[in-house]
Amino acid sequence: MNMDPHEELGMHPRPRNGSMLHLQADHRSSVVWDAGGGDNLRSRRRNPNSVRFPQLHPRMVPLLTDLRFDGVSRLTGIQIDWSLITALIERWRPETHTFHLPIGECTITLQDVSVLLGLRIDGDAVIGVTAVDDGWANVIQHIFGANPVSPIPVASGLVGGRLKFSWLNSVFHSLPDDASDGQLRQYTQSYLLQLIGGILFTDHSGGQVHCMYIHLIEDLERCGTLSWGSAVLAYLYRELCKSCKKDREETAGCILLLQLWAWSRLHTLAPVPRGPSLNNLNIWGNQPGPHGLRWCAHLSFTDSGSHSVATYRLQLDLLTDSHFKWQPYTEEILAALPQHCREGSGIWRYKGPLICFCFVEPHHPDRCLRQFGMIQDIPSPAAYSHDLHKIDLKGKTDSNWLSIHRDHLALWIRREQLVSAGQVGDGVSDGYHTWYSSITLRYLTRIGGGHSYMLDLLDHIDSVQKGEREGDILAITAHARRVLQDNFSAGYYQDFPIEDRRAKEAVFKVKKKRVGHGGGRGGVNAPRRRGGQPNGQGSVHGKDEGDDHVHDEGIVLFDDDGGDFMRISEAVADIQEDEAERNGVDARAGDPTQQLCHPNWESVPPSNHLPIYGDSHDAVLYHSSHISPPHEQEDIDPIPPLSHPTLTQSPPHPSKKLLQQPLDESVRQQQTVQQPTQKEPVHMKLRARKHEASTHGTHELRQKK
């Protein structure tokens, strides 16, 4: 009896048992298998290092330290990697409030908030009212001594129940050295509001903070006793649950916490801190801070994953236990932290609701006990409530959440009694992996699915050889070849496409993408490309949010031996200049990417050969953020022809053939003599330009030109 590995083993883009992930139909991951995913998510956050943020003053340090906001104040300059954030959100499951990785469930816990940010977690819940009888304008005037309401609506600092950051900046831009204690207090309260609305509880409004937080910072002594850490985590949980839907384009919440968590545990995707700390010693001196400060330095991304969501997505699909740190906070690290970063350790494994005004989100440390040095068993079903996930602030301006969530508040008060227990040790219990494989998405991409499929296939063949199963190994392998061929070909085309840019010539794509906004959307934090730094290094501090700038994707051209390289953009400029000299036309005028573009390049049928590794006789184009160049690769066969029905409707484009066929130099010279007016193919110009650059040096070549 022939066994069908496709049916028995299967490449299932959905869970085998859908009872756990019952929201999969609306999840972002549901489109990755067929379409490769969408653009990166973004969030509206404010950069305290920009000129639009209030300046820190040394006199504010004791107040911020007492409130436990000193760590956040020192961490906010870290640049966000939105590709990594997007890939992680694709793995977030709102049903369990955990990330579903191939190795098991993991999540951000109260321990991570305390250790990475230094916020207080053991305290009263952050909750209250969202409206006042006298109006927020009177409350703001009482606290800050200035009325935000203006006769001119545009100049008003109050928009409904939200306060504009611009109004706070105009009133409290800089603290004088001789300021009174009252002025110091008001300035610190203004700074706290901007940290709350711009970093910890970011929303989609842009440049505004909800007035419901003002009551909580009015009394600074009371403010220092609140569990801001649990509120930040509850708010982030809710935003992750919203942004993991397939129709969302933005995310919110404390994305800084998510990135620091990922860098702490996914060490193969994290940058390496180089050099001294970039903290302002004039303000903070040698005061110790939370663990997240280790990334407040010049960061090297040379050994980490490239800044592409497709690459991060694939790396997460291929994740193994050796690539994930279940316990990154060693005893030595914890001992070196300030005392307040270790306070509340008794509730790090608290299992119950986390509260932030209207948001109530369950905390499930029992599903990731390996993060606490315990053996992971099959957890109990997660508590998910459709009703709680529907509650938000829209249309609820006069709600008293203390009364609405009194039952959940009662559980939070008993938090020390609701701690998950477990057996100290490493690994998982018997049957965990079998259970987890049946209820989760083992992979999101076709390439990752093929990798998992091959491992299962080897186990299947081994069992057939041992006589444990019936089957024809030749039939099994033949069928598996077709399955892998189809899915690998489609996966590479979806996640790492090679586009045509000029008819009948082998060309490349220099993709220019506009990031950030010109100030019209509240200042989306626009990252700077790190590829422009020497040796692939980048700084944690980018330009101010909202700046418009254009970057390319870092495409480079490698020689036949995978050695030296030059940027494609430089090669384009040189080729265009040569064509301009020959044709008497200014080839640099206008947009070079538009001049190189085939008029109907998007409709050109894809090739049925994908030169992933290329031919050893010819130069091959690679994308520096996707595929590494071959180094001394021999005896590597090209990818077999595609059999995917949607990718083989037309014969391969001539431009793709040029990348795969070796060129006879004598034939090319003969053709040049016979047809002196025929233009030289672009890929030959690139090779000649590359050879000349490697022989004489790029600098000498430019001086020569």
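Rules behind the numbers
- Residues numbered from 1 in each chain as written.
- Predicted model: local features only at pLDDT ≥ 70, side-chain atom pairs only at ≥ 80, totals over all residues.
- Heavy atoms only, no water.
- Pairing = 2+ DSSP bridges.
- Helix = DSSP H or I, 4+ residues; strand = E, 2+ residues; numbered from the N terminus.
- Core = buried A, V, L, I, M, F, W, Y, C linked by side-chain atoms within 4.5 Å.
- Buried < 20%, exposed > 50% of the residue type's maximum accessible area, 1.4 Å probe, protein only.
- Contact = heavy atoms within 4.5 Å.
- Axes fitted to C-alpha atoms, helices over the stretch in contact; angles between N-to-C directions.
- Parallel < 35°, antiparallel > 145°, perpendicular 65-115°, else oblique.
- Nonpolar A, V, L, I, M, F, W, Y, C, P; charged D, E, K, R; others polar.
- Disulfide = S-S within 2.5 Å.
- pLDDT = per-residue confidence, 0-100.
- Polar contact = N/O pair within 3.5 Å; in protein donor to acceptor, adjacent residues only side chain to side chain.

*Asks:* I would appreciate a short explanation of the sheet that holds strand β4 (residues 158–159) in the present structure.
*Replies:* Sheets are built from strands paired through backbone hydrogen bonds, the pairs being either parallel or antiparallel. Read across the sheet, 3 strands follow the order β4-β5-β6 without closing on themselves; strand pairing throughout is antiparallel. Each edge of the open sheet is held by one strand with a lone partner, namely β4 and β6 (208–210). Where strand β5 (residues 162–164) and β6 come together, 3 bridges link them in antiparallel fashion. Bridging across to β6, Lys-164 finds its partner in Gln-208.

*Asks:* Looking at this structure, how should I read the sheet that holds strand β1 (residues 92–93)?
*Replies:* Across the sheet, which stays open at both edges, the 3 strands sit in the order β1-β2-β3 with antiparallel pairing between neighbours. The outermost strands of the open sheet, each flanked by one partner alone, are β1 and β3 (104–106).

*Asks:* Help me understand the nonpolar core, please; the structure alone is not making it clear to me.
*Replies:* Nonpolar side chains tend toward joint burial in soluble globular proteins. Leu-163, Phe-201, Tyr-213, Trp-228 and Leu-257 are the most contacted members of the largest nonpolar core, which totals 123 residues. Here the element with the most residues in this core is helix α12 (residues 228–243); it accounts for 10 residues. What Phe-201 contacts, discounting residues up to four positions off in sequence, is Ile-196, Tyr-213, Trp-228, Ala-231, Val-232, Tyr-235 and Cys-356. The next biggest cluster of nonpolar side chains, apart from the first, holds 11 residues, and it includes Leu-457, Val-464, Ala-480 and Val-483.

*Asks:* Got a minute to help me understand the packing of helix α22 (residues 446–465) against helix α23 (residues 473–495) in this structure?
*Replies:* Relative orientation and spacing of two packed helices are given, respectively, by the angle between their axes and the distance between those axes. Where α22 contacts α23, the axes come no closer than 9 Å and their chain directions differ by 170°. Considering the angle they form, α22 stands roughly antiparallel to α23. In terms of residue class, the contact of α22 with α23 is made up of 14 nonpolar, 9 polar and 1 charged.

*Asks:* Would you mind showing me how to read the state of the cysteines here?
*Replies:* Note on terminology: a disulfide is the covalent bond linking the sulfur atoms of two cysteines. One pass over the full model with this rule turns up 0 disulfides. Cys-368 provides the cysteine sulfur closest to Cys-106, a residue in no disulfide bond, and the two sulfurs are 7.3 Å apart.

*Asks:* I would appreciate a short explanation of the packing of helix α6 (residues 110–117) against helix α13 (residues 255–265) in the present structure.
*Replies:* The geometry of α6 relative to α13 is characterised by a closest axis approach of 10 Å and an angle of 95° between their N-to-C directions. Considered as vectors, α6 and α13 are oriented roughly perpendicular to each other. Contacts from Gln-111, Asp-112, Val-113, Leu-116 and Leu-117 of α6 reach α13 at Leu-256, Leu-257, Leu-260, Trp-261, Ser-264 and Arg-265.

*Asks:* Which parts of the structure should I look at to understand the confidence of the model for the protein chain?
*Replies:* Should pLDDT be low for a region, the predicted coordinates there are not to be read in detail. Taken as a whole, the protein chain shows an average pLDDT of 75; of its residues, 67% reach a score of 70 or greater. Ignoring residues within four places in sequence, the model shows residues 1–6, a span with pLDDT below 50, making 20 contacts including any to other chains. Contacts for the low-pLDDT stretch residues 582–677, under 50 throughout, to residues beyond four places or in other chains number 158 contacts.

*Asks:* Honestly, the side chain of Arg-313 in this entry has me stumped. Any pointers?
*Replies:* Here Arg-313 lies in helix α15 (residues 309–317). Looking at Arg-313, the relative accessible area reads 1%, which means it is buried. A distance of 2.8 Å separates polar atoms of two side chains, one belonging to Arg-313 and the other to Glu-90.

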